[in-house]
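Residues per chain are reported as follows:
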Amino acid sequence: MTNLIMIIVGSALIHNVVLNQFLGICSFLGVSKQIKASLSLGGAVIFVITIASAVANLLYTYLLAPYGMDYMKTIVFILVIAALVQIVEMFLKKTSPAIYTALGIYLPLITTNCAVLGVALTNVQDGYNFIESVLAGFGTGIGYTIAIVLLASIRTRIREEAIPEALRGAPIVLIAAALMSIAFMGFADISF
Amino acid sequence: MNKYLERLYNGIIRENPTLILMLGMCPTLAVSTRAFNGIGMGLSTTAVLILSNLVISLLRKHIPDQVRLPSYIVIVASMVTVTELLIEAYLPALYEALGIYIPLIVVNCIILGRAEAYASKNPPVLSIMDGLGMGIGFTIALTLAGLVREVIGNGTAFGMQILPAGVEPIGIFVQPPGAFLVIALFIAIMNAMNIRTRQKRLVEMDGCSGGCAVCAEPCEDKKGEKDA
């Protein structure tokens, strides 16, 4: 049990997907202008990464590994993720229009979000079983959401400040991310 | 200028993927802990770019428009797998150092972006030159970032001791926060130069660089808005 909790905490905080692993930087920097949009994207990412981790694990365990097609995993995973995002989008559109309107435009963005593929590949590398993979995916999504919502909150404050001209735009956001990353390094010593 | 050389100039200087277009930030931040890693990652990406640009350019008249993005992804993923196996076989040290970031070249927006914006519309040789230019531009930016981080954070350059023995390196620069700081600094310097010449806008993050999927799409509307 502790082991499973540790996987969630580890992937959400200690090895934070954005601030420590540098996955999903594009959307992390691009969508973090508003807190509301960040929350929606975070929700979509949690949803997709969790499902993608589960599917990738099943595919790897029952299809790729037994037939010695380990080397095909990058191609298979990226295709599965792309298809999955499409299916999730269609499924949500039919069954829960409310969630669909909230997540709508962010779902296609997730296909090429490297965090999804990154988690699927890391799970294989770490030899996680099905439950561990799903939890690692879920934790990673949570970590992504925490990071992007925090950055969005910081950016709404930055907007009011007098910043040197050369630092406006991307540089000040990256510096904010650097400070967040330093703060997250504090989680490195957590253990149960 | 010769149109082939123009492609190189475009990739290295005018539309430098990392420093100007802000594409492919994930690998830039992640592997720039050492100058050598930067070169390795840059050259691997260059190889994939050239190969995928070539194949996509050759197939550009045969791929139906509706399924072009999935087709590009399959082509890019195949090229990445080939490159990954080659690196694993011949450069095991680099394979260890880059780890998971080699397969993640698949989702590097530079590659899909160039496929969509250039290789799908242009003949093979020009597309190769375009991939080469973009790849070199990416490699230069990665190596520079890696060099700065290695010198400040570890006191070495390409593994050789640079800082005198008495000077303590600032370790945080080879840790994750250092990546954000160094890239922020690079962009700030570019901004400062642009401000001096008053020719270009500041590098700004907006929907155009917001997600890898939109990289390939034209951003004219957004730019118009910002000017207004």
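Since the structure is predicted, the reported quantities are computational estimates derived from the model, not experimental observations.

Caption draft 1: How the structure looks around the overall build of chain A. Within chain A one finds nine helices and zero strands. Along chain A, helices and strands appear, N-terminal first, in the series α-α-α-α-α-α-α-α-α. Over its C-alpha atoms chain A spans a radius of gyration of 17 Å, differing by no more than 12% from the 16 Å that the globule rule assigns to 192 residues. Expressed along its principal axes, the backbone C-alpha trace of chain A runs to roughly 60 × 45 × 30 Å.

Caption draft 2: Representation of the interface of chain A and chain B. Tallying the contact residues gives 42 residues for chain A and 46 residues for chain B. Together chain A and chain B conceal approximately 3,800 Å² of surface at their shared face, both sides included; 79% is due to carbon and sulfur atoms. There are zero salt bridges connecting chain A and chain B. Linking chain A with chain B are two residue pairs in polar contact (both at pLDDT 80 or more), by the criterion used here. Elements that contribute at least two residues to the side of chain A that touches chain B include exactly α2 (25-30), α4 (73-95), α6 (106-111), α7 (114-126) and α9 (170-185) of chain A. Here the residues of the side of chain A that touches chain B sort into 27 nonpolar, 12 polar and three charged.

Caption draft 3: Quick peek at the side chain of B:N191. The residue B:N191 is located in helix α8 (residues 176-197) in this model. On the basis of relative accessibility, which here comes to 0%, the residue B:N191 falls in the buried class. Of the polar contacts made by the side chain of B:N191, one reaches the backbone oxygen of A:A166; its length is 3.0 Å.

Caption draft 4: Representation of the pattern of salt bridges in the model. Residue and element names in this part refer to chain B. Scanning the entire structure with this criterion turns up eight salt bridges over all chains. Note that E6 is salt-bridged to R14, the shortest N-O span being 3.3 Å. For D130, the salt bridge identified is with R7, shortest N-O distance 2.6 Å. Of this pair, D130 sits in helix α7 (residues 124-154) while R7 sits in helix α1 (residues 3-14), and the two are 123 residues apart along the sequence. Since its relative accessible area comes to 0%, D130 is described here as buried.

Caption draft 5: Spotlight on the packing of aromatic side chains. Residue and element names in this part refer to chain A. In this structure the tally under the stated criterion is two aromatic pairs over all chains. Plain terms: the ring middles of F184 and F187 are 5.3 Å apart, the flat faces sit at 70° to each other, and that makes the pair edge-to-face. Residue classification places F184 among the buried positions, given a relative accessible area of 9%. Relative accessible area serves as the criterion here: at 25%, F187 is assigned to the partly exposed category.

Caption draft 6: Region of the structure containing unusual backbone geometry. With a phi close to 60°, A:F22 is a non-glycine residue in the positive phi region. If you trace the backbone, A:F22 turns up in the loop between α1 (2-14) and α2. In the Ramachandran plot, B:F158 falls in the positive-phi region, its phi being about 50° despite a non-glycine side chain. Turning to its location among the elements, B:F158 is positioned in the loop between β1 (156-157) and β2 (160-161).

Caption draft 7: Local environment of the packing of α4(A) against α7(A). Residues and elements named next belong to chain A. Contact pair α4 / α7: the axes reach a minimum separation of 10 Å and the direction vectors enclose 135°. The angle between α4 and α7 falls in the class oblique. Crossing of α4 over α7 shows right-handed handedness. Along the contact surface, α4 presents K73, T74, F77, I78 and I81, while α7 presents V116, L117, A120, L121 and V124.

Caption draft 8: View of a nonpolar patch on the surface. Residue and element names in this part refer to chain A. Where nonpolar side chains cluster on the molecular surface, the patch consists of L58, Y62, F130 and I131 and spans about 430 Å² of accessible area. Counting residues per element, the ones that place at least two in the nonpolar patch are α3 (35-64) and α8 (130-158). Within the secondary structure, F130 sits in helix α8. Accessibility expressed as a relative area gives 36% for F130, which makes it partly exposed.

Caption draft 9: Looking closely at the packing of helix α6 (residues 109-119) of chain B against α7(B). Residue and element names in this part refer to chain B. The interhelical angle for the contact between α6 and α7, taken along N-to-C directions, is 150°, at an axis separation of 11 Å. Note that α6 runs across α7; the crossing there is right-handed. Residue-level inspection shows I110, R114, Y118 and A119 of α6 in contact with α7, the latter providing L126, S127, D130, M134 and F138. Classifying every residue of the contact of α6 with α7 gives six nonpolar, one polar and two charged.

Caption draft 10: Structural context of the nonpolar core. If you look at the biggest cluster of nonpolar residues, it comprises 112 residues, and the most contacted ones within it are A:I25, A:F28, A:F77, A:L107, A:L117, B:L104 and B:F180. At 10 residues, the largest contribution of residues to this core is made by α3(A). Ignoring sequence-local partners within four residues, the contact set of B:L104 consists of A:L23, A:C114, A:L117, A:G118 and A:L121.

Caption draft 11: Region of the structure containing the side chain of B:R149. Residues and elements named next belong to chain B. Within the element layout of this structure, R149 appears in helix α7. One buried charged residue, R149, remains without a salt bridge, the closest side chain of opposite sign being E150 at 9.7 Å. Polar contacts involving the side chain of R149 include one to the main-chain carbonyl oxygen of L29, which spans 3.2 Å. Side-chain polar atoms of R149 contact the backbone oxygen of Q175, separated by 3.1 Å. Residues contacting R149, with those up to four places away along its chain left out, are L29, S32, T33, N154, F173, V174, Q175, P176, G178, A179 and V182.

Caption draft 12: Here's a closer look at α1(A). With 13 residues, α1(A) ought to run about 18 Å at 1.5 Å a step, yet its terminal C-alpha atoms sit only 15 Å apart, falling short of that. Where α1(A) is buried, its residues touch α8 and α9 of chain A.

Criteria and cut-off values
Residues numbered from 1 in each chain as written. Chains lettered and ligands numbered in written order. Predicted model: local features only at pLDDT ≥ 70, side-chain atom pairs only at ≥ 80, totals over all residues. Heavy atoms only, no water. Helix = DSSP H or I, 4+ residues; strand = E, 2+ residues; numbered from the N terminus. Rg over C-alpha atoms; globule rule 2.2 N^0.38 Å. Contact = heavy atoms within 4.5 Å. Buried area = accessible area lost by both parts, 1.4 Å probe. Salt bridge = Lys/Arg side-chain N within 4 Å of Asp/Glu carboxyl O. Polar contact = N/O pair within 3.5 Å; in protein donor to acceptor, adjacent residues only side chain to side chain. Nonpolar A, V, L, I, M, F, W, Y, C, P; charged D, E, K, R; others polar. Buried < 20%, exposed > 50% of the residue type's maximum accessible area, 1.4 Å probe, protein only. Phe/Tyr/Trp six-rings, centres within 6.5 Å; stacked < 30°, edge-to-face > 60°. Axes fitted to C-alpha atoms, helices over the stretch in contact; angles between N-to-C directions. Parallel < 35°, antiparallel > 145°, perpendicular 65-115°, else oblique. Left-handed = near helix turned anticlockwise from the far one by under 90°. Patch = residues over 30% accessible without salt bridge, like charges linked within 9 Å, V, L, I, M, F, W, Y side chains within 5 Å. Areas by Shrake-Rupley, 256 points an atom, 1.4 Å probe, with all protein chains shown as cover. Core = buried A, V, L, I, M, F, W, Y, C linked by side-chain atoms within 4.5 Å. Lys, Arg positive; Asp, Glu negative; His and termini not counted. Expected span 1.5 Å × (residues − 1).

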